[in-house]
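For reference, the chains in residue letters:
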Amino acid sequence: MANNTLTADVIAKIALPILENELGVINKMYRAHEEEFSSTVNGYKKGDTISIRRPADFTIRSGATMSAQDVIEGKTTLVVDQQIGIDFQFTSTDLTLKVEDMAERIIKPAMSRIANELASDVLIQMYRGTYNLVGTQGTRVDSFSDFSKAPERMDEMAIPSDNRHAILCPSDFWGLVGSQTALYAPSLVGSAYRSGDLGDLGGLATMMSQVTPAHTVGPLGGTPLVNGATQNVSYDTAKNAWTQSLITDGWTAAAASRVKAGDVFTIYAVGTSGAKLKMVNPKTKVATAIDQQFVVISDGSSDASGNLTLTISPPIITSGPYQTVNVAPADNAGLVFDGTASTAYRQNLAFHKNAMALAVVPMEMPPAAYGGTRQSYKNLSVRLIPTYDATNDISKWRLDLLYGRKLIDPRLTVRFAGT
């Protein structure tokens, strides 16, 4: 192939297919909302935020007497506010290259780096809002019985059986692959040996990601207790954020960041022993034998008296179509956090496609950006703008990607470890 002078259009068109091929994990997310950002109303763009409805739920009437229910729909928002990019430069000689050389030497590493950053950010947002956690953190997933805890919890949570996915860190993925090679299942074992591909396992499309995040449990400290009874809330007050405030005390006094976003805990019904709050079946609302878990949504610090108000998910709802637990905790009920304080654990994730929304949208082209281009390919868009350093005969380029991400339904996700 003859040499070509590489323009912004050429570079951007090379970049997008490479980025699409590198995405992997991101291709498992819900992407349908992207079209809404690029559409217009009477010639005007809709803005950088869209609202997404949460589905309504209902309780069953028993008997012939009519009992009408209010239909309450919550909503959450997806905001496009994340801008990432890579800046690079070429000499004039570099700009006259074979397209294949440019793709391999420069564009592929750049796009791979952007894809990894995007995937890492999305997975961090997902795990920090996920309260279902099965297995023992820090224990390797190295058997099907370990792995099966994730789809088992998904079934208990009535998560739809289609479009389920699992993302494992390299250590757990290869531990699971090794366990499958001992089975008499020629196709599965063959693919595991040859490429480490597990395919569908337990109804989950299973893959490995090097950017599976690690969560460091907060320093904790003290004996945290619920401070005040009847802290349950109604769905109407929690329907949009799917969170609530939980007033606690008993912490080590005046300590910064006692808890971290992503910390998971359970709550005793009364005192610091005995039964804990139980998860209810999402369809029948009958209490299960599973301890309801909660996740801390934002970092929290204790005051001089050891008080700390946590923002948690799910909200504590004790009745109605959106019930989450069997009872509300009593005053001075104990909190038990999962994992060891100040210890990092990799976060494997099992999720339904509709749990996480991602939108990669076209960026505005500044009027003064001479020679710039914006290219789109398979719902991906990049903007490339060149500048020129005449003193050193160097062309500098900035490549940008704009996106938004949101865990829109944490009821559809599970974190899992070995047992």
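Residues numbered from 1 in each chain as written. Predicted model: local features only at pLDDT ≥ 70, side-chain atom pairs only at ≥ 80, totals over all residues. Heavy atoms only, no water.

*Asks:* I'd like a rundown of the overall build of the protein chain, residues and numbers included.
*Replies:* On a plain count of helices and strands, the protein chain comes out with 8 helices and 26 strands. Residues counted as buried form 49% of the 419 residues belonging to the protein chain. Once local pairs closer than 6 in sequence are excluded, the contacts in the protein chain between residues at least 24 apart make up 78%. Summed over all atoms, the accessible surface of the protein chain reaches about 19,100 Å², with 50% contributed by carbon and sulfur. (Helix = DSSP H or I, 4+ residues; strand = E, 2+ residues; numbered from the N terminus. Buried < 20%, exposed > 50% of the residue type's maximum accessible area, 1.4 Å probe, protein only. Contact = heavy atoms within 4.5 Å. Areas by Shrake-Rupley, 256 points an atom, 1.4 Å probe, with all protein chains shown as cover.)

*Asks:* I'd like to hear about the pattern of salt bridges, residue by residue, with values.
*Replies:* Tallied over the full model, the rule gives 10 salt bridges. Linking Lys278 and Asp291 is a salt bridge whose minimum nitrogen-to-oxygen distance equals 2.5 Å. Taken together, the residues span a long stretch of sequence, with Lys278 in strand S15 (residues 278-280) and Asp291 in strand S16 (residues 287-291) at a distance of 13 residues. One continuous salt-bridge network, built from bridges that share partners, spans Arg383, Arg398 and Asp400. (Salt bridge = Lys/Arg side-chain N within 4 Å of Asp/Glu carboxyl O.)

*Asks:* I'd like to hear about helix H1 (residues 8-22), residue by residue, with values.
*Replies:* Taking 1.5 Å of rise per residue, the 15 residues of H1 would be expected to cover 21 Å, and the 21 Å separating its terminal C-alpha atoms lies within 8% of that figure. Taken residue by residue, H1 has Ala8, Ile11, Ala12, Ile14, Ala15, Leu16, Ile18, Leu19 and Glu20 as its buried positions. In the segment just after H1, Gly24 is the residue with positive phi, at about 60 degrees. (Expected span 1.5 Å × (residues − 1).)

*Asks:* Run through empty space enclosed by the protein, naming residues and quoting values.
*Replies:* Empty space among the atoms becomes apparent when a probe as large as a water molecule is rolled across them. This structure, assessed with the given rule, holds 1 cavity of 30 Å³ or more. Approximately 40 Å³ is the volume attributed to the largest cavity. Surrounding the largest cavity, Leu133, Gln137, Arg346, Gln347, Asn348, Arg415, Phe416 and Ala417 form its lining. The residue makeup of the lining of the largest cavity, split by class, is 3 nonpolar, 3 polar and 2 charged. (1 Å grid on protein atoms, 1.4 Å probe; cavity = no way out; pocket = protein on both sides within 12 Å on 5 of 7 lines; lining within 4 Å. Points joined across faces, edges and corners; volume = space filled by probe spheres on them. Nonpolar A, V, L, I, M, F, W, Y, C, P; charged D, E, K, R; others polar.)

*Asks:* Lay out the nonpolar core in plain terms, naming residues and giving numbers.
*Replies:* Among the nonpolar cores identified, the biggest contains 66 residues, and Leu19, Met29, Ile107, Met111, Phe147 and Phe416 are the most heavily contacted of them. Aside from chain neighbours lying at most four places away, what touches Leu19 is Met111, Ile114, Ala115, Leu380, Val382 and Leu401. (Core = buried A, V, L, I, M, F, W, Y, C linked by side-chain atoms within 4.5 Å.)

*Asks:* Which residues make up the environment of Ile317, and what values go with them?
*Replies:* Assignment of secondary structure puts Ile317 in the loop between strand S18 (308-313) and strand S19 (335-337). For the pair Ile317 and Ala328, spaced 11 residues apart in sequence, the C-alpha to C-alpha distance is 7.8 Å. Apart from the residues lying within four places of it in its own chain, the contact partners of Ile317 are Val233, Ser234, Tyr235, Trp242, Tyr322, Gln323, Thr324 and Val325.

*Asks:* Residue-level account of helix H5 (residues 149-156), with values.
*Replies:* Regarding H5, the residues found buried are Ala150, Pro151, Arg153 and Met154. Along the long axis of H5, the arc covered by the buried residues comes to 160 degrees, so they all point the same way. Where H5 terminates, the next one or two residues include Ala158, which has phi positive at roughly 60 degrees. (Arc of directions from axis to C-beta.)

*Asks:* Break down the layout of surface pockets for me, with residues and values.
*Replies:* Of the voids in this model, the second largest pocket is the one considered here, and its volume is about 480 Å³. As for the second largest pocket, its lining consists of 20 residues, of which Gly129, Ala241, Ile297, Lys406 and Leu407 are closest to the centre. Sorting the residues of the lining of the second largest pocket by element identifies strand S5 (75-91), helix H3 (99-128) and strand S25 (394-407) as the ones contributing at least two each. For the lining of the second largest pocket, the element with the highest residue contribution is S5, accounting for 6 residues.

*Asks:* Describe the sheet that holds strand S26 (residues 413-416), listing the residues and the values that go with them.
*Replies:* Read across the open sheet, the 6 strands follow the order S7-S26-S21-S8-S10-S9; overall the sheet is mixed. Single-partner strands in this sheet number two, and they are strand S7 (133-134) and strand S9 (199-201). Bridging between S7 and S26 involves 2 bridges; their strand directions are parallel. If you follow Val134 over to S26, its bridge partner there is Phe416. (Pairing = 2+ DSSP bridges.)

*Asks:* Kindly report on the packing of aromatic side chains, identifying the contributing residues and their values.
*Replies:* Under the definition given, this model contains 8 aromatic pairs. Measuring from centroid to centroid gives 5.8 Å for Phe147 and Phe416, while their planes differ by 90 degrees, and the two rings are edge-to-face. Of this pair, Phe147 sits in helix H4 (residues 144-147) while Phe416 is found in strand S26, placing the two residues 269 residues apart along the sequence. Of the residues examined, Phe147 reaches a relative accessible area of 0% and is grouped as buried. The exposure class assigned to Phe416 is buried, which follows from its relative accessible area of 3%. Measuring from ring centre to ring centre gives 3.5 Å for Tyr235 and Tyr322, while their planes differ by 5 degrees; the resulting arrangement is stacked. Residue Tyr235 is located in helix H8 (residues 235-238), and its partner Tyr322 is located in the loop between S18 and S19; the two are separated by 87 residues in the primary sequence. Of the residues examined, Tyr322 reaches a relative accessible area of 7% and is grouped as buried. Every member of this aromatic cluster is reached through a ring pair, and the members are Trp251, Phe265, Phe294 and Phe337. (Phe/Tyr/Trp six-rings, centres within 6.5 Å; stacked < 30°, edge-to-face > 60°.)

*Asks:* Just give me the short version of the environment of Ala417, but keep the residues and values in it.
*Replies:* By the element assignment, Ala417 lies in the segment after S26. Each C-alpha atom of the pair Ala417 and Thr139 lies 6.1 Å from the other, and the pair is 278 residues apart in sequence. Each residue touching Ala417, except ones within four places of it in the same chain, is listed here: Val134, Gly135, Thr136, Gln137, Thr139, Val141 and Asp146.

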